[in-house]
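What follows is each chain in one-letter form.
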Amino acid sequence: MSPLDLLLVSLGGGVGAALRFWLDGLVKGRARGTALAGFPLGTLVINVSGSLVLGLLTGASESGALPLPMVAVLGTGMMGGYTTFSTASVETVQLLRSGKTRTAVLNGLGMLVVSVGAAALGLLIGRNT
């Protein structure tokens, strides 16, 4: 990997992290005062959409429609900065500690299943581009 590639992946990570911060705030703001206010909906939206996009990028690369350096910048960099497994894990533990066991299980397992499904869908679509 060249120094320029490393710089571009790093910049992509910064853009992804900023996008995650913005979208999480937007979703939390919209969920405030609703039945979903206590559920980490922003993290769910981010991880599922990021899994879909990473699947699309990977599938497009496998089909030859997208060059590997672009996948590194957009996939590893931007989607790596955008998605957030660690936040999802902490939020699940916080739900458990607050006695919201069903919500915690729904969050932890549901996010895993839906994110993997979104990644598979993205791969399928990306390979057919």
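The structure under discussion appears in the preceding block.
Summary of the structure given here. As the structure is a prediction and not an experimental result, all values here were calculated from the model.

What about the overall build of the protein chain?
Here is step 1: Per the secondary structure count, the protein chain includes 5 helices and 0 strands.
Here is step 2: Across the protein chain, helices and strands are ordered from the amino to the carboxyl terminus as α-α-α-α-α.
Here is step 3: Its C-alpha atoms give the protein chain principal-axis dimensions of roughly 50 × 30 × 25 Å.
Here is step 4: Out of the 129 residues belonging to the protein chain, those deemed buried represent 33%.
Here is step 5: A sequence separation of at least 24 residues applies to 75% of the contacts in the protein chain between residues at least 6 apart.
Here is step 6: Surface accessibility of the protein chain: about 7,700 Å² in total, with carbon and sulfur atoms responsible for 72%.
Here is step 7: Here the protein chain holds 8 positive side-chain charges and 4 negative ones, and the gap between their average locations is 16 Å.

Rules of the game
- Residues numbered from 1 in each chain as written.
- Predicted model: local features only at pLDDT ≥ 70, side-chain atom pairs only at ≥ 80, totals over all residues.
- Heavy atoms only, no water.
- Helix = DSSP H or I, 4+ residues; strand = E, 2+ residues; numbered from the N terminus.
- Buried < 20%, exposed > 50% of the residue type's maximum accessible area, 1.4 Å probe, protein only.
- Contact = heavy atoms within 4.5 Å.
- Areas by Shrake-Rupley, 256 points an atom, 1.4 Å probe, with all protein chains shown as cover.
- Lys, Arg positive; Asp, Glu negative; His and termini not counted.
- Charge placed at Lys NZ, Arg CZ, Asp CG, Glu CD.

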